[in-house]
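# Commentary on secondary and tertiary structure
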Amino acid sequence: METVLSYLVVLAIFVLLTFPPFVGHARDRRIDRQLRRAEGPTRDRAPTALRTVPGSASRSPADWELAGGSAARDAE
């Protein structure tokens, strides 16, 4: 019986130590959802950084596509 009680004490300490970070993470996710909902449906979900064209792993950076067009066209 003493072993079971020891396991319960360790479990209780673990829960007390890990519960606040889980609550904070859930709160952050809820706030993020609220912010995304407030921005509206017109928001572009794609990142604004450089993206590669599918199948372009061996291509040079000049072949990469920017969010608004190709890098070669923007350089002109």
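Residues numbered from 1 in each chain as written. Predicted model: local features only at pLDDT ≥ 70, side-chain atom pairs only at ≥ 80, totals over all residues. Heavy atoms only, no water.

## Quick notes on the overall build of the chain
Secondary structure assignment for the chain yields two helices and zero strands. A burial count over the chain gives 4% of its 76 residues as buried. Of the roughly 6900 Å² of accessible surface on the chain, 63% is carried by carbon and sulfur atoms. (Helix = DSSP H or I, 4+ residues; strand = E, 2+ residues; numbered from the N terminus. Buried < 20%, exposed > 50% of the residue type's maximum accessible area, 1.4 Å probe, protein only. Areas by Shrake-Rupley, 256 points an atom, 1.4 Å probe, with all protein chains shown as cover.)

## As for a positive patch on the surface
Positive charge collects at one region of the surface, where R27, R29, R30, R33, R36 and R37 lie side by side. Tracing the backbone shows R33 in helix α1 (residues 2-39). Residue class for R33 comes out partly exposed when judged on its relative accessible area of 40%. (Patch = residues over 30% accessible without salt bridge, like charges linked within 9 Å, V, L, I, M, F, W, Y side chains within 5 Å. Salt bridge = Lys/Arg side-chain N within 4 Å of Asp/Glu carboxyl O. Lys, Arg positive; Asp, Glu negative; His and termini not counted. Charge placed at Lys NZ, Arg CZ, Asp CG, Glu CD.)

## Focus: a nonpolar patch on the surface
On the surface, M1, V4, L8, L11, F14, V15, F19 and V23 cluster together into a nonpolar patch covering about 870 Å² of accessible area. Mapping F14 onto the fold places it in helix α1.

## As for α1
Here α1 contains 38 residues, and its C-alpha end-to-end distance of 56 Å stays within 8% of the 56 Å for a straight helix at 1.5 Å per residue. The largest bend along α1 measures about 35° and falls at T18, with the proline P20 one to four residues further on. Positive backbone phi, at 95°, marks G40, one or two positions downstream of α1. (Expected span 1.5 Å × (residues − 1). Bend = angle between axes of the 7 residues up to and from the residue.)

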